[in-house]
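Residue-level listing of the chains:
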Amino acid sequence: RERAVAEMRMRNSIASSGAYSALERIVRTGVVTETLHTEIRSAEAALRDHIRCPALEHPQLTATIATARRAGVNVLLLNASTDVGEPDRVIGDDLAEAISDLVRQARSGQDVTIRLLARRDDEPIAVSIVRNQSGGEGGDTEGAPSSSGLGEPIVLDAGGRRRDLVVAPPVSPPTPEV
């Protein structure tokens, strides 16, 4: 049963990703335009998202990510959770809206990594988002890249609320006795 559900989800993801329509246009015309190339890259990314992190396949978030990718934002979804949960279980509306808001703030050429951190019934869902500028260019707005090009991670709970991170100070290596 689990295999059948997984196969059905994969077929649905392929159909909804735009991969079929893009391939049909290539076969029909024999030409790959810049627009079609963008569609193909977007469809391929949506399929990777489905494989890597199906729990983030909320309709609102999926649409926002597709729009961002077409606008030149590099979005990467990762799953670092210990349990993926039920096959059809996805994040809730509040979390999808909060993540979507952060993705919509990204600019062309910016990298956005969205990582699912926890996914067990006895743990809340947590998602981290890191936005950074490709090529190491920096910015100075909250959640945007720092001067090093790497943005501070933003952590959201299952309700889409920001959670503060406690960052431990770097540990110095022990000083050898002389």
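These remarks concern the structure in this document. (Residues numbered from 1 in each chain as written. Predicted model: local features only at pLDDT ≥ 70, side-chain atom pairs only at ≥ 80, totals over all residues. Heavy atoms only, no water.)

### Some details on the environment of Ala 158
Among the secondary structure elements, Ala 158 is positioned in the loop between β4 (154-157) and β5 (162-163). On a C-alpha basis, the gap between Ala 158 and Ala 98 in space is 9.9 Å, while along the polypeptide they are 60 residues apart. Setting aside its immediate chain neighbours within four residues, Ala 158 contacts Leu 95 and Ile 125. (Helix = DSSP H or I, 4+ residues; strand = E, 2+ residues; numbered from the N terminus. Contact = heavy atoms within 4.5 Å.)

### Digging into the nonpolar core
By size, the foremost hydrophobic cluster in this structure holds 25 residues, and its most contacted members are Leu 56, Ile 99, Ile 114, Val 127, Ile 129 and Leu 156. Elements with a minimum of two residues in this core: α4 (59-70), β1 (74-79), α5 (93-104), β2 (110-118), β3 (126-133) and β4. The element best represented in this core is α5, accounting for six residues. (Core = buried A, V, L, I, M, F, W, Y, C linked by side-chain atoms within 4.5 Å. Buried < 20%, exposed > 50% of the residue type's maximum accessible area, 1.4 Å probe, protein only.)

### Quick word on α5
Over its twelve residues, α5 runs 16 Å from end to end, which matches the ideal 16 Å to within 8%, given 1.5 Å per residue. Looking at α5, one finds that the buried residues are Leu 95, Ala 96, Ala 98, Ile 99, Ser 100, Leu 102 and Val 103. (Expected span 1.5 Å × (residues − 1).)

### A closer look at the side chain of Ser 100
Assignment of secondary structure puts Ser 100 in helix α5. Once you skip the residues sitting within four places of it in the chain, Ser 100 turns out to touch Gln 60, Leu 61 and Thr 64.

### Here's the deal with the pattern of salt bridges
According to the stated counting rule, one finds six salt bridges in the structure shown. For the salt bridge of Glu 97 with Arg 104, the shortest nitrogen-to-oxygen distance reads 3.1 Å. For Glu 97, a relative accessible area of 31% translates into the label partly exposed. Owing to a relative accessible area of 47%, Arg 104 belongs among the partly exposed residues under this scheme. Via salt bridges that share partners, Glu 97, Asp 101 and Arg 104 belong to a single interconnected network. (Salt bridge = Lys/Arg side-chain N within 4 Å of Asp/Glu carboxyl O.)

### Quick notes on the pairing of β4
Taking every second residue as pointing to the same face, both faces of β4 are buried, with Ile 154 and Leu 156 on one and Val 155 and Asp 157 on the other. Note: β4 against β5, two bridges, orientation antiparallel. Within β5, the position partnered with Leu 156 by the bridge is Arg 162. Linking β4 to β5, which pair antiparallel, is a turn of four residues; within it Gly 160 sits at a positive phi near 80 degrees. (Pairing = 2+ DSSP bridges.)

### A few points about the packing of α4 against α5
Following both chains from N to C, one finds α4 and α5 inclined at 10 degrees, their axes separated by 9 Å at the closest point. By the criterion of interaxial angle, the relationship of α4 to α5 is roughly parallel. Here Gln 60, Leu 61, Thr 64 and Ala 68 of α4 come into contact with α5, specifically with Asp 93, Ala 96, Glu 97, Ile 99, Ser 100, Val 103 and Arg 104. The class makeup of the residues in the contact of α4 with α5 is five nonpolar, three polar and three charged. (Axes fitted to C-alpha atoms, helices over the stretch in contact; angles between N-to-C directions. Parallel < 35°, antiparallel > 145°, perpendicular 65-115°, else oblique. Nonpolar A, V, L, I, M, F, W, Y, C, P; charged D, E, K, R; others polar.)

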